[in-house]
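# Coordinate analysis (summary)
Residues per chain, in single letters:
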Amino acid sequence: MATTKVAIAPMKAAQIPKAGADFQIVEREIPNPGAGQVRIKVQACGVCHSDVLTKEGAWPGIQYPRVPGHEVAGIIDELGAGVSGRKKGQRVGVGWHGGHDGTCLSCRRGDFRNCQNLKIPGISYDGGYEQYMVAPVEALTSMPEGLSDVEAAPLLCAGITTYNALRHSGALPGDLVAVQGIGGLGHLGIQFGNKFGYKVAAIGRGSENSALAKKLGASVYIDSKSTNAAEALQKLGGAQVILATAPSSKAMSELFDGLGPNGKLMVIGVTSDPIEVTPIQLITGSRSIQGWASGTTADEEDTLRFAELSGVRPMIETYPLEKAGDAYARMMSGKARFRVVLTM
Ligand SMILES: [Zn+2]
Ligand SMILES: [Zn+2]
C-alpha cells in the first residue's frame, strides 16, 4: 500500500531567502537535533547590527535561505545523540560563539574564541529568528534565574562584547574610562563601566543623551558636537581606556588623543574604513589600539551572572517574530532605544 507523507509545518521562522532580499515569514517543520546538538524552543532573540551580514550576504560562503539571530534565549526541548551535561527544560542561551571544532591550533591552545572553524548562529546555521532552533551543545550558555529571556538575549552579543572588552582592557577601579557612542553597545558599556568602579565619561553627539548617560552611570557627559572630546578627556587627566562603540572611524581617530599614558583605544564598533593614528601618537605615552570580538560561552555566563548581580540591564524594544522585517528596519534606523528583541 502506498503511504502518503503528510508534510507538517508546525513552526514559524523569519528567513532571508537570498542575499539582499527582504524577510519572509515561513512555516517550517520543527528541526531535529543531530549528534552533539540540542533543540531549543526559542523564547526571545535579539536583533543585532551584525545580522546585516546574513541579510545582505556579506559573510563569505553563507548559504540561503538562512534564518538570522545570534542573541537567543530559550529552553532545551530535545537532546541529540551523545549529549551529556544538559537536560530538557533547562533555560539556555546562544550567542555569537555558535560552536568550535576543538581540534584546530587555536582550540588546542584553549583559545576557542579564535577557532579557525568558529560557527556563528544565523550565519553558519539557522539562528534564533524562529520558534525552534538547533545548536551544538558547546554553543550553549546557562541562564541565571534573575534574568528574563528578553533581558538576557541582548547580553549574549552586545552585552558580552562590552563586558568582555572592558574587563580585558587593563582599566582598574577608579580609572577614567570613556565610552564613545550611546547606542546598543554604548548604553551597556556605560553601565558595566560604572559597576566595574570606573569613572565613566560618556561621549555622544549632541546634548540630548546627557541625562540618560548619567542615569546609566556616567560621571561625565561629553558632547563631541560642541566640544573637542579628546581635549575634554585630557582635562580630566586622560582616559585609561576609550571603548569605541559607535561605528565611525573618523570619530575614533579624533578621540585617540584623549588617552592618558599607557592608554588604550578598545575598538568594538564595526566599520570598514581606516582609523587614522600616527606612530607619534602611539609612541608618545606608549598608547595602543586593540579590537575585541565577543567571547566564549564561559564569558557569556560571566556576563549574565555579572548583570544579574549588579543590575546591568539592556534597554529594549520588543517585536513579535512575525514583525521581524519591521524589527530589523527599526534596528537599522539607529533610532531604537536601544536593543530590539523578537519574542516568539
Ligand atoms: Zn551581534
Ligand atoms: Zn578550533
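What counts and how
- Residues numbered from 1 in each chain as written.
- Chains lettered and ligands numbered in written order.
- Predicted model: local features only at pLDDT ≥ 70, side-chain atom pairs only at ≥ 80, totals over all residues.
- Heavy atoms only, no water.
- Axes fitted to C-alpha atoms, helices over the stretch in contact; angles between N-to-C directions.
- Helix = DSSP H or I, 4+ residues; strand = E, 2+ residues; numbered from the N terminus.
- Parallel < 35°, antiparallel > 145°, perpendicular 65-115°, else oblique.
- Left-handed = near helix turned anticlockwise from the far one by under 90°.
- Contact = heavy atoms within 4.5 Å.
- Nonpolar A, V, L, I, M, F, W, Y, C, P; charged D, E, K, R; others polar.
- Donors = N, O, S within 2.8 Å, 3.2 Å for Na, K, Ca; no water.
- Tetrahedral: all angles 85-135°; square planar, octahedral: opposite > 155°, others 65-115°.
- Buried < 20%, exposed > 50% of the residue type's maximum accessible area, 1.4 Å probe, protein only.
- Polar contact = N/O pair within 3.5 Å; in protein donor to acceptor, adjacent residues only side chain to side chain.
- Salt bridge = Lys/Arg side-chain N within 4 Å of Asp/Glu carboxyl O.

On to the packing of helix α3 (residues 149–167) against helix α4 (residues 186–195), then. Across the interface, α3 lies against α4 with an axial gap of 9 Å and an inter-helix angle of 45 degrees. On the basis of their axis angle, the class for α3 and α4 is oblique. At the point where α3 passes α4, the crossing takes the right-handed sense. Contacts between α3 and α4 involve Leu155, Ala158, Gly159, Thr162, Tyr163 and Leu166 from the first element and Leu188, Gly189, Phe192 and Gly193 from the second. Split into classes, the residues belonging to the contact of α3 with α4 amount to six nonpolar, four polar and no charged.

For the rest of this paragraph, the subject is the coordination of the zinc ion (ligand 2). Six octahedral donors around a metal ideally make angles of 90 or 180 degrees; four tetrahedral donors ideally make 109.5 degrees. Listed as protein donors to the zinc ion (ligand 2) are Asp101 (OD), Cys104 (SG), Cys107 (SG) and Cys115 (SG); their distances from the metal cover 2.0 to 2.3 Å. Geometry at the zinc ion (ligand 2) is tetrahedral, judged from its four donor atoms and the angles of 99 to 118 degrees they form at the metal.

With that settled, the discussion passes to the environment of Asp126. Examined against the element boundaries, Asp126 turns out to sit in the loop between α2 (105–108) and β6 (132–136). Taking relative accessible area as the criterion, Asp126 reaches 18% and is therefore assigned buried. Taking the C-alpha atoms as reference points, Asp126 and Ile275, separated by 149 residues in sequence, lie 33 Å from one another. With near-sequence residues (within four places) excluded, Asp126 lies in contact with Arg28, Pro65, Arg66, Val67, Met133 and Val134. One polar contact links Asp126 to Arg66, side chain to side chain, over a distance of 2.9 Å.

So, on to the pattern of salt bridges. Side-chain pairing between opposite charges can occur once the charged atoms of the two side chains come close. Counting across every chain of the model gives 15 salt bridges. The salt bridge involving Arg28 is made with Asp126; its shortest N-O contact spans 2.6 Å. Within this pair, whereas Arg28 is found in strand β2 (residues 24–28), its partner Asp126 is found in the loop between α2 and β6, the two being separated by 98 residues in sequence. Residue Arg28 is classed as buried on the basis of its relative accessible area, which comes to 19%.

We now examine the coordination of the zinc ion (ligand 1). At the metal site, the zinc ion (ligand 1) is ligated by Cys48 (SG), His70 (NE2) and Cys157 (SG), and these contacts range over 2.0 to 2.2 Å. On the primary sequence, the residues serving as donors to the zinc ion (ligand 1) are separated as C-x21-H-x86-C. Here His70 is found in the loop between α1 (52–56) and β4 (72–79), whereas its partner Cys157 is found in helix α3, with 87 residues between them in sequence. Each of the two residues, His70 as well as Cys157, counts as buried.

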